[in-house]
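One letter stands for each residue in the lines below.
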Amino acid sequence: LGLPQEGRLRFREWGDAFLGTTEQTRMGADEALISMVAYMSELVEERRQKPGDDLLSQVAVGGAHLSPDRQIKLPITLVLGGWETVASSVGIQVHALLTHPYGGYDTAYAYLTDHPEEVPGAVTELERMFSVTAADAMPRRVVQDVTLPSGEQLRAGDLVIPSSDAANYDPRVFDDPHRMDFSRDPNRHLSFGYGVHHCIGRHLGHLEVVTAMALLTRELPKLRLAVPSEEITYKPGHAVLGPTTLPVAWSE
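Peer 1: Describe helix α2 (residues 26-49), with residues and values.
Peer 2: With 24 residues, α2 extends 35 Å between its outermost C-alpha atoms, agreeing within 8% with the 34 Å of an ideal straight helix rising 1.5 Å per residue. For α2, the full list of buried residues reads A29, A32, M36, Y39, M40, L43, V44 and R47. Buried positions along α2 lie against α1 (5-18), α3 (55-62) and α4 (68-99).

This is how it looks when you write it as structure tokens:
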């Protein structure tokens, strides 16, 4: 993206405040958004006057057809979504791999150290089973009358809150959905959304997590939790689910 090094920690702080979901964080979220918009506005204008070879310059110069509001908020979205969800996914998936047996191994992590070719499929399955969504999806407005398979009727104008997590465990789509299966195919989970609400960074985010898992299982095959699993706490009041900290240890 081309975000200056000195701005990254600031975005981390703003992101934590902006993604807070509790009543107490509403004012902090508003302040964080104002700060991010002001900071990014300056960066976009700098790139417009003196473009470089980064993505921010492409938005500033090549995105001239976009409204000023979108030119600012698009890179903000890429920053927040680009690291928060990936970092949380790595934490969640490492925790899951270290605490679930698989394929005759004590842990799924140990299995992947001996079967590195299965890392991509493992990440996809873990995306299905352990989403980083801390709650169900945002409310959606029904645009036309529809009757669900259950017989329930939705009318145009109704508000609905879909649950991608529930859909990811639908036995009509996923055989034995509570069983971890790294070779599950097809694996059309909805953790990245669907249709017009499909995540723009889905492919990059998935690749980043696959790269991280491949690197970890190769370089640290003896990785293990440094504290009992039940002591691992998850971020409270945050729109993106993930462990607050994940203490680990390893040996040669």
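From this point, the narrative continues.
Peer 1: Tell me about the packing of α3 against α4, and name the residues and values.
Peer 2: Their axes nearest at 10 Å, the elements α3 and α4 cross at an angle of 160 degrees. By the angle class used here, α3 and α4 are roughly antiparallel. Considering only the axes of α3 and α4, their crossing is right-handed. Within the contact between the two elements, α3 uses L55, L56, V59 and A60 and α4 uses Q71, L74, P75 and L78. Its residues placed into classes, the contact of α3 with α4 shows 7 nonpolar, 1 polar and no charged.

Peer 1: Which residues make up the pattern of salt bridges, and what values go with them?
Peer 2: Under the defined criterion, the tally for this structure stands at 13 salt bridges. In this structure, R47 engages D54 in a salt bridge whose closest nitrogen and oxygen atoms are separated by 3.1 Å. The salt bridge involving R179 is made with D176; its shortest N-O contact spans 3.1 Å. Here R179 falls in the partly exposed class, since its relative accessible area comes to 34%. Looking at D176, the relative accessible area reads 40%, which means it is partly exposed. The structure contains a network of salt bridges with shared partners spanning R12, D16, E84 and K235.

Peer 1: Which residues make up the layout of surface pockets, and what values go with them?
Peer 2: Within this model, the second largest pocket holds a volume of roughly 470 Å³. Forming the boundary of the second largest pocket are 15 residues, of which V146, L148, L154, V160 and P162 lie nearest the centre. Classifying every residue of the lining of the second largest pocket by side-chain character gives 9 nonpolar, 2 polar and 4 charged.

Peer 1: Talk me through the nonpolar core; I want residue IDs and the actual numbers.
Peer 2: Within the largest apolar cluster, 23 residues are counted, with the highest numbers of intra-cluster contacts made by L97, L112, M180, F182 and M213. Elements that contribute at least two residues to this core include exactly α4, α5 (108-114), α6 (119-129) and α8 (202-219). In contact with L97, not counting residues within four places along its chain, are T107, A108, Y109, L112, L126, F182 and M213. Core analysis: the second largest hydrophobic core is formed by 15 residues, W14, L56, A60 and I72 among them.

Peer 1: Explain the packing of aromatic side chains to me, and be specific about the residues and the numbers.
Peer 2: The tally for this structure, following the rule as stated, stands at 7 aromatic pairs. Relative to Y39, the ring of F11 has its centre 5.7 Å away and its plane inclined at 70 degrees; by these criteria the two rings are edge-to-face. In this pair, F11 sits in helix α1 while Y39 sits in helix α2, placing the two residues 28 residues apart along the sequence. With a relative accessible area of 0%, F11 lands in the buried category. With a centroid separation of 5.5 Å and an interplanar angle of 85 degrees, the aromatic rings of Y105 and Y111 are classed as edge-to-face. Cluster of aromatic residues (ring-pair linked, three or more members): Y102, Y105, Y111 and F182.

Peer 1: An account of the side chain of R128 is needed here, citing residue identities and associated values.
Peer 2: Along the polypeptide, R128 turns up in helix α6. With residues near it in sequence (within four places) discarded, R128 still touches N168, Y169, F174, P177, R179, R184, N187, H189 and S191.

About the cut-offs
- Residues numbered from 1 in each chain as written.
- Predicted model: local features only at pLDDT ≥ 70, side-chain atom pairs only at ≥ 80, totals over all residues.
- Heavy atoms only, no water.
- Helix = DSSP H or I, 4+ residues; strand = E, 2+ residues; numbered from the N terminus.
- Expected span 1.5 Å × (residues − 1).
- Buried < 20%, exposed > 50% of the residue type's maximum accessible area, 1.4 Å probe, protein only.
- Contact = heavy atoms within 4.5 Å.
- Axes fitted to C-alpha atoms, helices over the stretch in contact; angles between N-to-C directions.
- Parallel < 35°, antiparallel > 145°, perpendicular 65-115°, else oblique.
- Left-handed = near helix turned anticlockwise from the far one by under 90°.
- Nonpolar A, V, L, I, M, F, W, Y, C, P; charged D, E, K, R; others polar.
- Salt bridge = Lys/Arg side-chain N within 4 Å of Asp/Glu carboxyl O.
- 1 Å grid on protein atoms, 1.4 Å probe; cavity = no way out; pocket = protein on both sides within 12 Å on 5 of 7 lines; lining within 4 Å.
- Points joined across faces, edges and corners; volume = space filled by probe spheres on them.
- Core = buried A, V, L, I, M, F, W, Y, C linked by side-chain atoms within 4.5 Å.
- Phe/Tyr/Trp six-rings, centres within 6.5 Å; stacked < 30°, edge-to-face > 60°.

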